[in-house]
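# Understanding the architecture of this molecule
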Amino acid sequence: MSDQISQPLVAAQSAAKEIAEITGKASHEMSFTLGSGWSDAASIFGEPTHKIEMSKLTGFATSTVAGHGGHISSYTINNKNILIFFGRTHLYEGKGIDAVVHGTRTAVSAGAKIVVLTNACGGINPNYSVGQPVLIRDHISLTGISPIKGANFVDLTDVYSARLRAQLKSYDPTLAEGVYAHWPGPTYETPAEIRMIGILGADLVGMSTVPEAIAAHAMGAEVIGISLVTNPAAGLSKNKLSHEEVIAAGKASAEKVGKLLENLLKVS
Ligand code: 8IG
C-alpha cells in the first residue's frame, strides 16, 4: 500500500508548474487539444500571450522530426486563462499510454476544470457528412488500453459531460452526437472491420481522444469531445482513405470549426 502519487502524475505536475512559471499565470481554467483539421481555426482565439514548445516541458516526448514538435499556447480571453495544445501523442507512436495522456494530465494539473478534446475521424453513421463536427456522447475502446493503473475502478458512465453538451447544443441545435470508437492504428480499418465496429454501436472511428478523456475524467475534470468527420470510414465510399482527404476536409470546414471553438469559449 502506498499513498504516493504516481510518477506520471508527478511529471504532469512538474510540467504544469513550468507552464505557470513561464506564463506567470497561477492557473489555466480550460484546455483545448486541437486535432487535425482544427488548428487553423485557432486564429479566432487571437494572439497567445505565450507559446511554449512541448519539448521544453517535463515529460513531453521529443519529436523525431526537427521543427515538428507540438506546442502549447496560453491565452487570456475575457479574464479566463486557457491552454491550447497543438499536437498530441497517439498510441500508435509506441511511446506508451502515459505519453499519450501526459498533455491532458498536465492541463488538469495546470488547473483545467474543462478539457476540450478534438479530433478528425472517419464517419460510420450514414447520416454524417464530411466536414461535419459531431459531439462525442460516449466511446468504445477497441485498444483495451487504459491510462489508469492499479485497483482504481474509475466510473465511466458519464465521461463526456452531458451538462456541457447541452450548453453547446443550446448555441447550435444542429450539432449531432455520436459514439466514438478508438482504433489503435496507424492503419485505417478494413471495410469488414468498419462493418463490425458499426454493429458494435459506434458512429465515429479514430485513433485518439479516448485515453485523454479517461485520464481527464479520472482527475475530476469535465470533458467535451468533438470529432470532425473528415472521411467516410473504409468501404463506405468509393474512394480510398488518404491523409490528404483529411487535410482538405479540415480546410473546407474551417468556418464551421471556428464557430464551434467560439462557442466552446462560452461554456462554463
Ligand atoms: I481523419 O477512417 C481519420 N482518422 N481509425 N479511421 C480511423 N482513424 C481515422 C479515420 C478513419 N479517419
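Scroll up to find the structure.
Quick summary incoming for the structure in this document.

### Some remarks on the nonpolar core
- L57, F60, I72, F85, V115, Y160 and L204 are the most contacted members of the largest nonpolar core, which totals 32 residues.
- Elements represented by at least two residues in this core include exactly α1 (7-23), β4 (80-86), α2 (97-109), β5 (114-123), β6 (133-141), β7 (176-182), α5 (210-218) and β9 (222-232).
- Of all the elements, α5 adds the most residues to this core, at 4 residues.
- Setting aside its immediate chain neighbours within four residues, L204 contacts C121, G122, I124, Y128, V134, I136, G178, V179, Y180, A181, S227 and V229.
- M30, A41, I224 and L264 belong to the second largest nonpolar core, which has 27 residues in total.

### A closer look at the site of the ligand
- Close to the ligand lie 13 residues, the nearest being G122, E189, T230, N231 and V246.
- Contact between the ligand and E189: a nitrogen atom at 2.4 Å from a side-chain N or O atom of the residue.
- In the model, a nitrogen atom of the ligand is placed 2.7 Å from a nitrogen or oxygen of the N231 side chain.
- Compared with its free state, where it exposes 330 Å², the ligand has 94% of that area covered by protein.
- Of all the elements in the fold, those that place two or more residues in the shell around the ligand are β5, β8 (204-206) and β9.
- In terms of residue count, β5 provides more of the shell around the ligand than any other element does, 3 residues in total.
- Each residue belonging to the shell around the ligand can be placed in one class, and the counts come to 8 nonpolar, 4 polar and 1 charged.

### Digging into empty space enclosed by the protein
- Under the counting rule described, the total for this entry stands at 1 cavity of 30 Å³ or more.
- Reported here for the largest cavity is a volume of approximately 40 Å³.
- Lining the largest cavity, in full, are R88, T89, H90, L91, V100, H182, M207, S208, T209, P211 and E212.
- Looking at the lining of the largest cavity residue by residue, the classes come out as 4 nonpolar, 5 polar and 2 charged.

### Thoughts on the layout of surface pockets
- In this model, the second largest pocket occupies a volume close to 320 Å³.
- Along the walls of the second largest pocket sit 15 residues, with S6, R105, I148, K149 and N152 positioned nearest its centre.
- Elements with a minimum of two residues in the lining of the second largest pocket: α1, α2 and α5.
- Along the lines of polarity and charge, the residues of the lining of the second largest pocket split into 9 nonpolar, 3 polar and 3 charged.

### Observations regarding unusual backbone geometry
- Backbone torsion omega between G185 and P186 reads 0°, so that peptide bond is classified as cis.
- Relative to the elements of secondary structure, P186 occurs in the loop between β7 and α4 (191-200).
- At N79, a position not held by glycine, the phi torsion is positive, near 65°.
- With respect to the helices and strands, the residue N79 is situated in the loop between β3 (71-77) and β4.

Cut-offs used in this document
Residues numbered from 1 in each chain as written. Predicted model: local features only at pLDDT ≥ 70, side-chain atom pairs only at ≥ 80, totals over all residues. Heavy atoms only, no water. Core = buried A, V, L, I, M, F, W, Y, C linked by side-chain atoms within 4.5 Å. Buried < 20%, exposed > 50% of the residue type's maximum accessible area, 1.4 Å probe, protein only. Helix = DSSP H or I, 4+ residues; strand = E, 2+ residues; numbered from the N terminus. Contact = heavy atoms within 4.5 Å. Near = heavy atom within 4 Å. Polar contact = N/O pair within 3.5 Å; in protein donor to acceptor, adjacent residues only side chain to side chain. Areas by Shrake-Rupley, 256 points an atom, 1.4 Å probe, with all protein chains shown as cover. Nonpolar A, V, L, I, M, F, W, Y, C, P; charged D, E, K, R; others polar. 1 Å grid on protein atoms, 1.4 Å probe; cavity = no way out; pocket = protein on both sides within 12 Å on 5 of 7 lines; lining within 4 Å. Points joined across faces, edges and corners; volume = space filled by probe spheres on them.

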